[in-house]
Amino acid sequence: MTVVNTRRRTALLYLAICSFLIALGVLWFGGMGSVLTVAVSAVLSAISGTTLGVYVLERRRSQFRRPEVLPPAGRVDDPTSLGVHPATINGEHAGLTAYVPRDIDHELRALLRLPSAFALIIGDAVSGKTRTAFEAVKAELLHAHILVPAADSPLAQVVENVSDIGDTVLWLDDLERYLSFDGLTLRVLDDFLSSSASGRRRVVVATMRSSEFARQAHPVESEEDARRALRSSAIAVLSRATLLRLGSTLSAQEFREASSLQADPLIQAALTFSHNGRLAEYLAGAPSLGKRFQDSRGLHPRARALVSAAVDLRRAGYGRPIPRRLVEKSHTYYLPAAAGNPPEHVESLKDAWNWVTSPILGSALLSASGGNVEVNDYLVAVAEGPIPAAVLVDALVVADKHDAHRIGLTAYDLGSYAVASEAFRRAYNIQVSEDGPDHPDTLTSRNNLALALRDMGRWDEALAVQQEVLAARERVLGPDHPDTLTSRNNLALALRDMGRWDEALAVQQEVLAARERVLGPGSSGYPHQPQQPRPGSA
């Protein structure tokens, strides 16, 4: 059942009810019929295609549903469900301010007028990326449906389920959440955008923090670091986007635009009190939030530990709401040493939770609901320093395949190869039971496991796994599929590391010949491909 069919049935139901009311009005109230007609027309216009409809798609027991349709009324007046931060002034949520035009508006809106496009807005945390994207969609795609999939929804099915609706925006706020299994691949991207050939506009609008984009899209040059750089379909997907970079501080032109909004007192207050023109940060209450966390040092040690644990669990790759019990288990790694802070100076767990979940300055550091915890995105974005390996291990206990994959990549990047191997093994085991042993994503996890074993120096095990993955990919995908060629290349590198030079050379020559035959001379098969393998999506 598609979203559009449900929508049409709802519209027909409204039409039937409203027609019945009109008939009653004409029969019983005579002159009142015209009033009812006006009211009914307003109702019908609210459900017609002239408004911006927002559909939030989530996966529940392998079924898709539409849990929320925001009331459009000609425009979506409350885009907070899309990730837009409301203004927070003097500790109170104040709704949305007037929009301050940004320098990228012209280019972004021109892009959204095309039949198909992939726009990616890059900027620092709380710089206004999501608000800028929303205002552009509202201005240029008023008739479009905005599809907001859950981060773990298989996007291939999302795209298929909405293939017969009209103009559509695929809304991917914090794009990195969708670059895991079942996420945005080149095939999904092409399938979605190519459906514009039927006369329907298809646009992907995404946002991403600058630091996250740099980590995912730009492998470094040295051989050792290149092994740690992302080598997955994410690189290919990001290379297809039109990048629009949003400054964290207002440019001179943007400052003039903001200054002209004299009727909005919140904008004028932000211009007066924001630091170095960081208007969006000030309006979202980010400085106050950051200051509250910093001021907790020494005063609320357990509360600070709870926040630190939740932040690092999110940084580690745990993408879903975090179980409260997991935060409580991991927070002990962040408590001060007993010698420097005796137990009597550490508040109770109950008091710590009360402090971190109280929105004293407009936004709480953590929010808890139904046994789960959400952490403020700004705190995740500005966090620095290594993540304790014990936190990664704790997260794996309750991780699903998506979480395990991301935690494995994080551990690999940190050089915690033993943890990475366990993460990839968990992802693989879950996928075997859910998707089958020969599913391409299952084979990817097994390939990643082999790479982690190789970096642990467990050469024989790594070689055996690489050989099994290669045999499976040749059987399932064919000998010349890019993933199969990747496996053969990885096999050659494993042979080289074991000192089996002649065998490694022979396999490498076979891979080169196949890639030149399939992809053309000089092609590596992957955009910006590093010289060494790194766990990813191939």
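Residues numbered from 1 in each chain as written. Predicted model: local features only at pLDDT ≥ 70, side-chain atom pairs only at ≥ 80, totals over all residues. Heavy atoms only, no water.

S.K.: Would you explain helix α18 (residues 389–397) in this entry?
M.R.: One turn of the α-helix equals 3.6 residues, which is why residues spaced by three or four share an orientation. When we look at burial in α18, the residues that qualify are Val391, Leu392, Asp394, Ala395 and Leu396. Each element contacted by the buried residues of α18 is listed here: α14 (301–316), α15 (324–330), α19 (401–413) and α20 (417–434). (Buried < 20%, exposed > 50% of the residue type's maximum accessible area, 1.4 Å probe, protein only. Helix = DSSP H or I, 4+ residues; strand = E, 2+ residues; numbered from the N terminus. Contact = heavy atoms within 4.5 Å.)

S.K.: Sorry, what's going on with the pairing of strand β11 (residues 366–369) here?
M.R.: Regular strands place their side chains on alternate faces of the sheet. Judged from the 4 bridges that link them, β11 and strand β12 (residues 372–375) form a sheet pairing that is antiparallel. Bridge pairing in β12 places Ala368 opposite Val373. Where β11 folds back onto β12 in an antiparallel hairpin, the turn is made up of 2 residues, including Gly370, whose phi is positive at roughly 60°. (Pairing = 2+ DSSP bridges.)

S.K.: Looking at this structure, how should I read the environment of Asp174?
M.R.: By secondary structure assignment, the location of Asp174 is in the loop between β7 (168–172) and α6 (186–194). Counting along the chain gives 45 residues from Asp174 to Lys129, while the straight-line C-alpha distance between them is 9.8 Å. When residues no more than four places from it in sequence are discounted, the contact partners of Asp174 are Thr207 and Asp377.

S.K.: So what exactly am I meant to see when it comes to the pairing of β12 here?
M.R.: With burial as the criterion, only one face of β12 is covered, namely that bearing Val373 and Val375; the residues Asn372 and Glu374 on the opposite face remain uncovered. Here strand β10 (residues 322–323) runs beside β12; their pairing, made up of 2 bridges, is antiparallel. Note that in β12 the partner of Pro323 across the bridge is Asn372.

S.K.: Just checking my understanding: could you explain the nonpolar core for this structure?
M.R.: In globular proteins that are soluble, nonpolar side chains generally tend to be buried together. Counting residues in each nonpolar core, the largest one holds 52 residues, and the members touching the most others are Val307, Val327, Leu366 and Leu379. Here the element with the most residues in this core is α14; it accounts for 8 residues. Other than its neighbours up to four places away in sequence, Leu379 contacts Leu289, Phe293, Val307, Val311 and Leu365. In terms of nonpolar packing, the next biggest core, distinct from the first, is built from 28 residues, Val158, Val159, Phe192 and Val204 among them. (Core = buried A, V, L, I, M, F, W, Y, C linked by side-chain atoms within 4.5 Å.)

S.K.: I would appreciate a short explanation of the pattern of salt bridges in the present structure.
M.R.: Oppositely charged side chains may form a pair once their charged atoms are brought near each other. In this structure the tally under the stated criterion is 25 salt bridges. Between Glu434 and Lys401 there is a salt bridge; the shortest N-O distance is 3.6 Å. With Glu434 in helix α20 and Lys401 in helix α19, this residue pair connects regions lying 33 residues apart in the sequence. A relative accessible area of 4% places Lys401 in the buried class. Ionic pairing is found between Glu422 and Arg425, a salt bridge with its closest N-O pair at 3.8 Å. Remark: Arg425 and Glu422 occur in helix α20; sequence separation between them is 3 residues, near one turn of the helix. The partly exposed category is assigned to Glu422, whose relative accessible area is 43%. Here Arg425 falls in the partly exposed class, since its relative accessible area comes to 29%. Within the structure, one salt-bridge network assembled from shared partners comprises Arg320, Asp400, Asp403 and Arg406. (Salt bridge = Lys/Arg side-chain N within 4 Å of Asp/Glu carboxyl O.)

S.K.: What is the right way to look at unusual backbone geometry in this model?
M.R.: The general pattern is negative phi for most residues beyond glycine and trans for most peptide bonds. In this structure, Val126 is a non-glycine residue whose phi angle is positive, near 50°. Its location among the elements puts Val126 in the loop between β5 (116–123) and α4 (129–140). Classification of Val126 as buried rests on a relative accessible area of 13%. Of note in the backbone geometry, Asp174 takes a positive phi value of approximately 55° without being a glycine.

S.K.: What is the right way to look at the packing of aromatic side chains in this model?
M.R.: Ring pairs (aromatic) are described by centroid distance and by the angle formed between their planes. Tallied over the entire structure, the rule returns 1 aromatic pair. Seen from their ring centres, Tyr412 and Tyr417 are 5.1 Å apart, and the 65° between their planes marks the pair as edge-to-face. We note that Tyr412, like Tyr417, is buried. The ring of Trp355 has Arg292 sitting right over it, with the charged end atom 4.2 Å from the ring centre. Of note, Arg304 hangs over the ring of Phe293, and the distance from its end group to the ring centre comes to 4.4 Å. (Phe/Tyr/Trp six-rings, centres within 6.5 Å; stacked < 30°, edge-to-face > 60°. Lys NZ or Arg CZ within 6 Å of the ring centre and 35° of its normal.)

S.K.: How do you make sense of the sheet that holds β11 when you look at a structure like this?
M.R.: Picture the strands of a sheet paired through backbone hydrogen bonds; they go either parallel or antiparallel. Strand order in the open sheet formed by 3 strands is β10-β12-β11, and the pairing between neighbours is antiparallel. Each having just a single partner strand, β10 and β11 make up the two edges of the open sheet. Strands in contact with α14 are β10, β11 and β12; relative to β12, the strand with the most contacts, it is inclined by about 80°. (Axes fitted to C-alpha atoms, helices over the stretch in contact; angles between N-to-C directions.)

S.K.: Could you clarify how one ought to interpret the packing of α18 against α19 in this entry?
M.R.: How two helices sit against one another is set out by the angle between their axes and by the gap between those axes. At a minimum axis distance of 10 Å, the contact between α18 and α19 shows a crossing angle of 165°. Here α18 lies roughly antiparallel to α19, going by the angle between them. Between α18 and α19 lies a crossing of left-handed hand. Along the contact surface, α18 presents Leu392, Ala395 and Leu396, while α19 presents Ala404, Ile407, Thr410 and Ala411. The class makeup of the residues in the contact of α18 with α19 is 6 nonpolar, 1 polar and no charged. (Parallel < 35°, antiparallel > 145°, perpendicular 65-115°, else oblique. Left-handed = near helix turned anticlockwise from the far one by under 90°. Nonpolar A, V, L, I, M, F, W, Y, C, P; charged D, E, K, R; others polar.)

S.K.: Where do I start with the environment of Glu461 in this structure?
M.R.: Secondary-structure assignment places Glu461 in helix α22 (residues 459–476). As for Glu461 and Ala450, which are separated by 11 residues in sequence, their C-alpha atoms are 7.5 Å apart. In this structure the side chain of Glu461 is engaged in a polar contact, spanning 2.7 Å, whose partner is the side chain of Arg458. (Polar contact = N/O pair within 3.5 Å; in protein donor to acceptor, adjacent residues only side chain to side chain.)

S.K.: I'm lost on the environment of Ala472 in this one. Help?
M.R.: Among the structural elements, Ala472 can be located in helix α22. Looking at Ala472, the relative accessible area reads 7%, which means it is buried. Counting along the chain gives 35 residues from Ala472 to Pro437, while the straight-line C-alpha distance between them is 9.0 Å. Among residues more than four places away in sequence, those in contact with Ala472 are Asp438, Leu443 and Leu477.

S.K.: I would appreciate a short explanation of the packing of α22 against helix α23 (residues 482–497) in the present structure.
M.R.: Interhelical geometry of α22 versus α23 gives an angle of 160° and a closest axis separation of 9 Å. What the angle tells us is that α22 and α23 run roughly antiparallel. By crossing handedness, the relation of α22 to α23 is classed as left-handed. Taking contact as the criterion, the partners of Trp459, Leu463, Gln466, Gln467, Val469, Leu470, Arg473 and Glu474 in α22 are, on α23, Asp483, Thr484, Ser487, Arg488, Asn490, Leu491, Ala494, Leu495 and Asp497. Among the residues forming the contact of α22 with α23, the class breakdown is 7 nonpolar, 5 polar and 5 charged.

S.K.: Which parts of the structure should I look at to understand the confidence of the model for the chain?
M.R.: For any part of a model where pLDDT is low, the fine detail of the predicted coordinates should not be relied upon. The pLDDT averaged across the chain works out to 77; a share of 73% of its residues lies at or above 70. Note that residues 58–74 has pLDDT below 50 and, in this model, 40 contacts with residues that lie over four places away or in other chains. A low-confidence stretch, residues 524–532 (pLDDT under 50), is modelled with 27 contacts involving residues beyond four sequence positions or located in other chains. (pLDDT = per-residue confidence, 0-100.)

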